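Fold and contact review
What follows is each chain in one-letter form.
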Amino acid sequence: MSIVTVQLGQCGNQIGHEVFNAICGDVRGTHGLCSKKENESYRNACIERFFSEEESEVPVARAVLVDMEPKVISQTLSIAARSGYWKYGDRSHFCQKQGSGNNWANGYSVHGPRHKEVIMDLIQKEAEKCDRLGGFFTLMSMAGGTGSGLGAFVTQCLRDAFPTSFVLNHVIWPYGTGEVIVQNYNSVLTLSHLYQSSDALLVHENDAIHKICAQLMNIKQISFRDVNQVIAHQLGSVFQPAYTAESGSCYSRNPLGDLMETLVPHPEFKMLGVRNIPQMPENSLAYSTFSWPGLIKHLRQMLIANAKMEEGIDWQVRPPRLGSSIPSSHSTNKPPRFNTSIANLVILRGKDTHNVDLGSFRDPSLYTSWLNPGDAFNAWKTPRAFKKYEKSASLVSNSQFLLKPLDSVVGKAWNMFASKAYIHQYTKFGIEEEDFLDSFTALEQVISSYTIL
C-alpha cells in the first residue's frame, strides 16, 4: 500500500525532502547485508510505499508540497531534481507569495478556506495514482503559521475527504526557549485540532534532536539541516519495510494501519514518540561493534527513564514492582521519573534479528494496567540493514513521554491568555477567545488521561 506525504510550511517541506532523501539513499545502498532476493523485495516494497515510477527515469515521490511562500518549495524541488536519484512530481506543489506571519489563525481561517480546493485537488490526484492507498502522512511544525494553522485545516479536510484512510501527523515540537513569541498559542491550537481529526501524532522535539546532533553526531555548528537529517533518519528507520508478526514472509503492506493497530488502542491516547539506537556519524560506524542484548538493554532503559538518546540515560529509574502499587488513579508511589507506556513497537533491522530476545519489553510493569501486556508490545524485523548500520533498533512508543513539555506549553499559553497578550492578532482572523478555551480544555483532558496511567 502507498502513503501520500503532505509537506506543509517551511519546516514540513524541508523535513519531507530529507525523509525522501534518507529513504532513497537507503534503498540505493549496496550495504543491505542480506541476500539479493531480500534486497530486491525490500526495494520494491519501499518504492511502492513512497514513490511512483512513472515515465520518468527516476522515482517520483508520492508527495504534495504546500507553503504560503515560494522560496522553500522552489529550493526543495530543485535540490531533489538535481540529486538525479528521485524527484517530486512536476505539478504536485502549491505556494503563494504572502506567508502566514507565524499566525495560526491566518493559516487556519484565511489561507485554509481560500485555497482548500486547489490543495485538496492536488492531494486527490496524488491519491488516485496509488493502486492501494494506505493513508496520509503529514509533516508540519507547531510553532509557525502555515505548517500549524494550514496544517490543522488540511488535516481536517483529509479526514472529511478520506474518512476510511489513516492520517498520521508528524509534528515538530518547538524549542523551549522559543523561536516565535506566540509559539505556545500556535502549539495549543494545533495540537487540540489535530487531536480531533488525526489517527495519531508522531512528535519530535527540537530540543532533543539538537542534543543528539551535539552529543552523538559531534556537530559543532548545528544547522536546521542537521536537525532535519536526524529526524529523517529516525522516520526512515520506522517507515522502511519490515516484517510484522502477521505479514509472514511478505513485507507489511499497510505500514500506517499496522502502526495504528499496534500503538493506538484508544482514541484518547494518540501521542507517539520515536527513539533510535545506535545513532552516530557514518564515519564512526566502521570502528564500532554492537550486540543485540546491549542495544535492547539501552533501548528499554531509554523508554522507562524517558531518555531521547543512549547517552546520559538515568539507570536508577526502575519499573514499579507489580502488586506493590495502589490503584493507578492514585499512582503517587510510582518510582520517580518512571515513564509508563500504553503500547510499544520495536523495529529491528540487520544481522541475526530472528535471535533477539525482547522479553524485557513484555514486562507487564512497563504498561498501564488496563491493557493486556501481550497486546501492548509488538516487534517488527528485517534482515535488511538500514543505511550503513549492521544492527539498528527503533522504538515507537505511546507513553507519558510528552507530559512535561505538553504541560509546559499549555501553562505558558494560559499565562499569556490570562493577560490577553496578543489575542487581537487571532481575533482579527476570526479565532475567538472561546476557541482558545476549547483548545485549553481539550489538552487539559489529554494531560489528565496520560497522567493517571
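Just so you know, these numbers come straight off a predicted model, no measurement behind them. Residue indices begin from 1 for each chain and proceed along its sequence in written order. Totals for whole chains, interfaces and linings use all residues, but because this is a predicted model, local features are given only for residues with pLDDT of at least 70 and pairs of side-chain atoms are given and counted only at 80 or more. Computation of side-chain values: all heavy atoms of the structure, hydrogens and water removed.

Some thoughts on the overall build of the protein
Strands here are runs of E lasting at least two residues and helices are runs of H or I lasting at least four, both read from the DSSP assignment and numbered beginning at the N terminus. Tallying secondary structure elements over the protein gives 15 helices and 13 strands in all. We compute the radius of gyration from the C-alpha atoms alone; for a globule the expected value is 2.2 Å times N to the 0.38, where N is the number of residues. Taking 22 Å as the expected radius of gyration for a compact globule of 453 residues, we find that the protein reaches 21 Å, a close match to that expectation. Taken along the three principal axes of its C-alpha coordinates, the protein extends 60 × 60 × 45 Å. Counting every position in the protein, which comprises 453 residues, the buried fraction comes to 58%. A fraction of 80% describes how many contacts in the protein between residues 6 or more apart in sequence connect residues 24 or more apart. Neither His nor the chain ends contribute to the count of charged residues, in which Lys and Arg are positive and Asp and Glu negative. Each charge is placed at NZ for Lys, CZ for Arg, CG for Asp and CD for Glu. Separation between the mean location of the 42 positive side-chain charges and that of the 43 negative ones in the protein comes to 6 Å. Buried means the residue's accessible area, taken with a 1.4 Å probe over protein chains only, is under 20% of the maximum for its type, while exposed means over 50%, and partly exposed covers the values in between. Should any heavy atoms of two residues lie within 4.5 Å, those residues are counted as being in contact.

Some remarks on the domain arrangement of the protein
Often, the extent of an interface is quoted as the loss of accessible area upon association of its parts. Partitioning the protein into structural domains gives domain 1 (2–273), domain 2 (282–321 + 336–402) and domain 3 (404–452). The gap between the C-alpha centroids of domain 1 and domain 2 is 24 Å. With 44 residues of domain 1 at the interface, the matching set in domain 2 holds 34 residues. What gets called buried area is simply the loss in accessible area from a 1.4 Å probe that two parts show on being joined, summed for both. With both chains or domains summed, domain 1 and domain 2 bury close to 3,400 Å², and 65% of this area falls on carbon and sulfur atoms. Broken down residue by residue, the surface that domain 1 buries against domain 2 is led by His-233, Thr-262 and Leu-263, which jointly contribute 16%. The term salt bridge refers to a side-chain nitrogen of Lys or Arg lying within 4 Å of a carboxyl oxygen of Asp or Glu. Linking domain 1 to domain 2 there are 2 salt bridges. Between Asp-26 and Arg-384 there is a salt bridge; the shortest N-O distance is 3.1 Å. A 3.5 Å cut-off defines polar contacts: any pair of N or O atoms within that distance qualifies, except that in protein one atom must be a possible hydrogen donor and the other a possible acceptor, and neighbouring residues in sequence count only when both atoms are side-chain atoms. Across the contact surface, domain 1 and domain 2 share 14 residue pairs in polar contact (both at pLDDT 80 or more). The domain limits used here are those given by an automatic or database domain assignment.

Some points on the packing of helix H1 (residues 9–28) against helix H8 (residues 224–239)
Lines are fitted to the C-alpha atoms to define the axes, a helix being fitted only along its stretch in contact, and any angle between axes, read from their N-to-C directions, falls within 0 to 180 degrees. Where H1 contacts H8, the two axes come as close as 8 Å, and the packing angle between them is 50 degrees. It follows from the interaxial angle that H1 and H8 lie oblique. Both H1 and H8 take part in a crossing whose hand is right-handed. In contact with Gln-14, Ile-15, Glu-18, Val-19 and Ala-22 of H1, H8 contributes Arg-225, Asn-228, Gln-229, Ile-231, Ala-232 and Leu-235. Across the contact of H1 with H8, the residue classes tally to 6 nonpolar, 3 polar and 2 charged. Any angle that is under 35 degrees is reported as roughly parallel, and any over 145 degrees as roughly antiparallel; angles of 65 to 115 degrees are reported as roughly perpendicular and all others as oblique. The handedness criterion is simple: a crossing whose near helix is rotated anticlockwise from the far helix by less than a right angle is left-handed, and one whose near helix is rotated clockwise is right-handed. Side-chain classes follow a simple rule in which Ala, Val, Leu, Ile, Met, Phe, Trp, Tyr, Cys and Pro form the nonpolar group, Asp, Glu, Lys and Arg form the charged group, and the remainder, Gly included, forms the polar group.

A closer look at the pattern of salt bridges
In total, this model carries 15 salt bridges according to the counting rule given. Ionic pairing is found between Lys-420 and Glu-433, a salt bridge with its closest N-O pair at 3.6 Å. Placement of the pair is Lys-420 in the loop between helix H13 (403–418) and helix H14 (423–427) and Glu-433 in helix H15 (residues 433–451), with a sequence separation of 13 residues. Since its relative accessible area comes to 45%, Lys-420 is described here as partly exposed. Taken together, the salt bridges that share partners define one network made up of Glu-48, Arg-132 and Arg-253.

Considering unusual backbone geometry
Pro-278 follows Ile-277 through a cis peptide bond whose omega is -10 degrees. With respect to the helices and strands, Pro-278 occurs in the loop between strand E10 (271–277) and helix H10 (282–285). We note that Asp-352 has phi near 55 degrees; this positive angle belongs to a residue other than glycine. Looking at the element boundaries, Asp-352 is found in the loop between strand E11 (341–350) and helix H12 (373–376).

A look at the sheet that holds strand E5 (residues 87–88)
Neighbouring strands of a sheet are bound in pairs by backbone hydrogen bonds; such pairs are parallel or else antiparallel. The pairing criterion is simple: DSSP has to find at least two bridges between the two strands. Spatially, the 3 strands line up as an open sheet ordered E2-E3-E5, and their pairing is mixed. The two strands at the open ends of the sheet, each matched to only one other strand, are strand E2 (51–52) and E5. Pairing geometry for strand E3 (residues 60–61) and E5, over 2 bridges, is parallel. Across the sheet, Ala-61 pairs through a bridge with Tyr-88, a residue of E5.

Focus on the sheet that holds strand E4 (residues 63–67)
Taken in spatial order, the 10 strands line up as E6-E4-E1-E7-E8-E9-E10-E13-E11-E12 in an open sheet, and their pairing is mixed. What marks the edges here is a single partner per strand, and that holds for strand E6 (93–95) and strand E12 (377–382). Neighbouring strand axes in the sheet, compared pairwise and without regard to direction, differ in orientation by 20 degrees on average. For strand E1 (residues 2–8) and strand E7 (residues 133–141), the ladder comprises 6 bridges, and the chain directions are parallel. Paired with Val-6 across the two strands is Thr-138, which belongs to E7. Each of E1, E4, E7 and strand E8 (166–173) is contacted by H1, which is oriented at about 140 degrees to E1, the strand it contacts most.

Quick notes on H1
In this scheme, a helix's expected span is set at 1.5 Å multiplied by one less than its residue total. Here H1 spans 28 Å end to end across 20 residues, near enough to the 28 Å set by a 1.5 Å rise per residue. The buried count for H1 comes to 14 of 20 residues, which makes it a mostly enclosed element.

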